Amino acid sequence: NCVVRWIHEPQYSHGWVIPIMAVILGWSRRDRIVSGVCRSGSSGVALCLIGVVGHLIADYLCIEAADGISFLFCVSGILLTVWGTRFFQGVWPAAVFPVFMLPLPFQVERMLSEPLQLIGASESAYIIQTLGIPAIAAGNTILMGDTRLGVADACSGLRMMMVFLAISTAAVILSRRTRWEKILIFLNAVPIALICNIVRIGATAVAHQSLGREMADLVFHDL
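On a predicted model such as this, the values are computed, not experimentally measured, just so you know.

**Digging into helix H8 (residues 189-211)**
Every α-helical turn comprises 3.6 residues, leaving residues that sit three or four positions apart pointing alike. Between its first and last C-alpha atoms H8 spans 32 Å; for 23 residues at 1.5 Å apiece the expected length is 33 Å, and the two agree. Buried within H8 are the following residues: Ala 189, Ala 193, Asn 197, Ile 198, Arg 200, Ile 201, Gly 202, Thr 204, Ala 205, Ala 207 and His 208. A positive phi of about 105 degrees marks Gly 212, the residue just after H8.

What follows is the structure in structure tokens.
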């Protein structure tokens, strides 16, 4: 189900990259693996069982978020069962990191998406006005004369926020900076994502007004 959403929903297309980042994260922490004999324990089997039961319950009740959490239990359980506690203690962030590839619960997605759309439209309209182009934001739509540009769900910036949070988390785990610097890196992910999305929407609107729809699509979808 996650893969289907990665393919068909633009806000979750970053899901393909997260497993690769998780592998790199685990490899970069290989020096933290305690040397010794790998011993499988009952804790790994228990986590796998919890994950399987959670998946069956989530599938029966159609709770996608619980299904995603069950997947993380299974990943952690497999690592513990195959390589043991010494290995898991070194690379456990890589086992938890795939949480960023899981789709958000529908209620949370709607709760975040709509305000982000409004912020993107209003702040982008302000940027466009600053550039000397008459523009006004009406809800999640930017009005520029006869041109109407709607900030859709895929343009809300939710994908950028998830990507920046994932990158910031990886940076915090890998870096050797002080604790307050790590907190600052993590917290900056949200404003950076918002600023990037607002600039992108504003650039698209200006290109649409000045260079035409084809160039605007090139700016928005490609560049």
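Here the narrative resumes.
**Observations concerning helix H3 (residues 42-61)**
Taking 1.5 Å per residue as the helical rise, H3 with its 20 residues ought to reach 28 Å, and the 28 Å between its terminal C-alpha atoms agrees with that figure. Tucked into the core, H3 has its buried residues touching helix H4 (64-96). Of the residues flanking the end of H3, it is Cys 62, one or two places downstream, whose phi is positive at about 60 degrees.

**Digging into the packing of aromatic side chains**
Taken as a whole, this structure holds two aromatic pairs when the rule is applied. Aromatic side chains Trp 83 and Phe 87 sit 5.0 Å apart centroid to centroid with 35 degrees between the ring planes, which places their arrangement in the tilted category. Here Trp 83 and its partner Phe 87 are both found in helix H4, four residues apart, which amounts to about one turn of the helix. Relative to Phe 100, the ring of Phe 97 lies with its centre 5.2 Å away and its plane at 55 degrees, an arrangement referred to as tilted. Of the residues examined, Phe 100 reaches a relative accessible area of 14% and is grouped as buried.

Reading guide: rules and limits
Residues numbered from 1 in each chain as written. Predicted model: local features only at pLDDT ≥ 70, side-chain atom pairs only at ≥ 80, totals over all residues. Heavy atoms only, no water. Helix = DSSP H or I, 4+ residues; strand = E, 2+ residues; numbered from the N terminus. Expected span 1.5 Å × (residues − 1). Buried < 20%, exposed > 50% of the residue type's maximum accessible area, 1.4 Å probe, protein only. Contact = heavy atoms within 4.5 Å. Phe/Tyr/Trp six-rings, centres within 6.5 Å; stacked < 30°, edge-to-face > 60°.

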